[in-house]
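Coordinates in review
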Amino acid sequence: MAVPAVANGHKDALELLPESPKTNYFNARYYSAIHHYVAHQRSITEIRKWYRDNRDNIVFDPADRKFKGRKDAVSVPKPTT
């Protein structure tokens, strides 16, 4: 139920997905949903950090159905090389 909840803007479900059971089926499904519904594209580890660091400033934009940070309050992690 977490994937449909994320698709509908429930931020608490977004917090659960990266921490979900570690099986190939769930990883593929959940990670796909995370990448689809989070505005910036980073690794799952970076998205986890972004979420933890900015939890109070993340909002769901219903126009494009993506979670984003408030521009004035969120730090975006730099991609790892």
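Scroll up a little and you will see the structure.
First, a word on what this report is: a plain description of the structure on this page. (Residues numbered from 1 in each chain as written. Predicted model: local features only at pLDDT ≥ 70, side-chain atom pairs only at ≥ 80, totals over all residues. Heavy atoms only, no water.)

**A look at the environment of L14**
By secondary structure assignment, the location of L14 is in helix α2 (residues 11-16). Its relative accessible area of 3% is what places L14 among the buried residues. Sequence separation between L14 and Y30 is 16 residues, and the spatial gap between their C-alpha atoms is 9.5 Å. With residues near it in sequence (within four places) discarded, L14 still touches V6, V38, Y51 and F67. (Helix = DSSP H or I, 4+ residues; strand = E, 2+ residues; numbered from the N terminus. Buried < 20%, exposed > 50% of the residue type's maximum accessible area, 1.4 Å probe, protein only. Contact = heavy atoms within 4.5 Å.)

**Observations concerning the environment of W50**
With respect to the helices, strands and loops of the structure, W50 is situated in helix α4 (residues 44-54). Measuring from C-alpha to C-alpha, the distance between W50 and G69 comes to 9.2 Å, with 19 residues separating the pair along the chain.

**Points about the pairing of strand β1 (residues 58-61)**
Both β1 and strand β2 (residues 66-69) contribute to a ladder of four bridges, which runs antiparallel. Paired with I58 across the bridge in β2 is G69. (Pairing = 2+ DSSP bridges.)

**Overview of the pattern of salt bridges**
By the definition in use, this model includes three salt bridges. Here D61 and K68 are joined by a salt bridge, their closest N and O atoms 2.9 Å apart. Close ionic contact of K68 with D64 constitutes a salt bridge, the shortest N to O distance being 2.9 Å. Residue classification places K68 among the partly exposed residues on the basis of a relative accessible area of 26%. Among the charged side chains, a network of salt bridges with common partners joins D61, D64 and K68. (Salt bridge = Lys/Arg side-chain N within 4 Å of Asp/Glu carboxyl O.)

**A word on unusual backbone geometry**
Even without being a glycine, R65 presents a positive backbone phi close to 55°. Relative to the elements of secondary structure, R65 occurs in the loop between β1 and β2.

**Comments concerning the environment of P62**
Considering the arrangement of structural elements, one finds P62 in the loop between β1 and β2. Each C-alpha atom of the pair P62 and N8 lies 8.2 Å from the other, and the pair is 54 residues apart in sequence.

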